[in-house]
Amino acid sequence: MQSILIIGMGSSGKAVYKNAMQNGMLPIIYDDKTNNKASLENLIKNIDMVVVSPAIKPDHKIFILAKKYNKPIMGEIEYAYKKGLNKKEIIAVTGTNGKTTVCTMLFFLLKNDYLLAGNIGIPATSIVDDAKTKCILELSSFQLMTTTNFKAHIACILNIKPDHIDYHKTFEEYKMCKLK
């Protein structure tokens, strides 16, 4: 049985947990607010993969430990993509400003055929098994940072201005996440 360490139990962590259970995986939950940080290293030694919440900053200990123990680490978007989102036609929208407005307008125009998920408040993992084959994803820099294989059929970058530098450390890093 494949084990998965889920870091953060917001809406995306809960969706990953549910999907992992449905797919016969062993999900293990870790949250900085409720777990002892010292136990994180012990947990990671015995798992197969790590999924991090978009709220987990790139300087979090989990990124160092995943590399140290050669464990794959990804965000919820990448996890959803590997679990079936890759079979859907994806319109992805990102940018510093206007993502929600553009996604909402697209969904209003295309809603009969499309699902809406991502940063808009609906985890991408929660739509993986939906019968509809097309989706619109609102994607933040936090979500894009932890993608490696994710590909959209149509991608739209609305704008890129310095933002979230407390999270990304530099504008260049923020911009590179958006360009993914």
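Quantities reported herein were computed from a predicted structural model and do not represent experimental measurements. (Residues numbered from 1 in each chain as written. Predicted model: local features only at pLDDT ≥ 70, side-chain atom pairs only at ≥ 80, totals over all residues. Heavy atoms only, no water.)

Our focus in this paragraph is the overall build of the protein. A tally of helices and strands in the protein yields eight helices and eight strands. In terms of C-alpha radius of gyration, the protein reaches 16 Å, essentially the compact-globule figure of 16 Å for 180 residues. If one aligns the C-alpha atoms of the protein with their principal axes, the spans along those axes are about 50 × 40 × 25 Å. In the protein, which comprises 180 residues, the share counted as buried stands at 43%. Split by element, the accessible area of the protein, about 9,200 Å² in all, is 55% carbon and sulfur. Here the protein contributes 24 positively and 16 negatively charged side chains, and the mean placements of these two sets differ by 1 Å. (Helix = DSSP H or I, 4+ residues; strand = E, 2+ residues; numbered from the N terminus. Rg over C-alpha atoms; globule rule 2.2 N^0.38 Å. Buried < 20%, exposed > 50% of the residue type's maximum accessible area, 1.4 Å probe, protein only. Areas by Shrake-Rupley, 256 points an atom, 1.4 Å probe, with all protein chains shown as cover. Lys, Arg positive; Asp, Glu negative; His and termini not counted. Charge placed at Lys NZ, Arg CZ, Asp CG, Glu CD.)

All right, on to the pattern of salt bridges then. Per the stated rule, a full pass over the model turns up two salt bridges. K68 is the salt-bridge partner of E41, the closest N and O atoms lying 2.8 Å from each other. Of the two residues, E41 sits in helix α2 (residues 39-45) while K68 sits in helix α3 (residues 61-68), which places them 27 residues apart along the sequence. Residue D59 pairs with K169 through a salt bridge whose shortest N-O separation is 3.8 Å. (Salt bridge = Lys/Arg side-chain N within 4 Å of Asp/Glu carboxyl O.)

Time to look at the environment of V51. Along the chain, the position of V51 falls in strand β3 (residues 49-52). V51 gets classed as buried once you look at its relative accessible area, which sits at 2%. Taking the C-alpha atoms as reference, V51 lies 17 Å from I122; in sequence the two are 71 residues apart. With near-sequence residues (within four places) excluded, V51 lies in contact with I4, L5, I6, I7, V16, M74, G75, E76 and Y79. (Contact = heavy atoms within 4.5 Å.)

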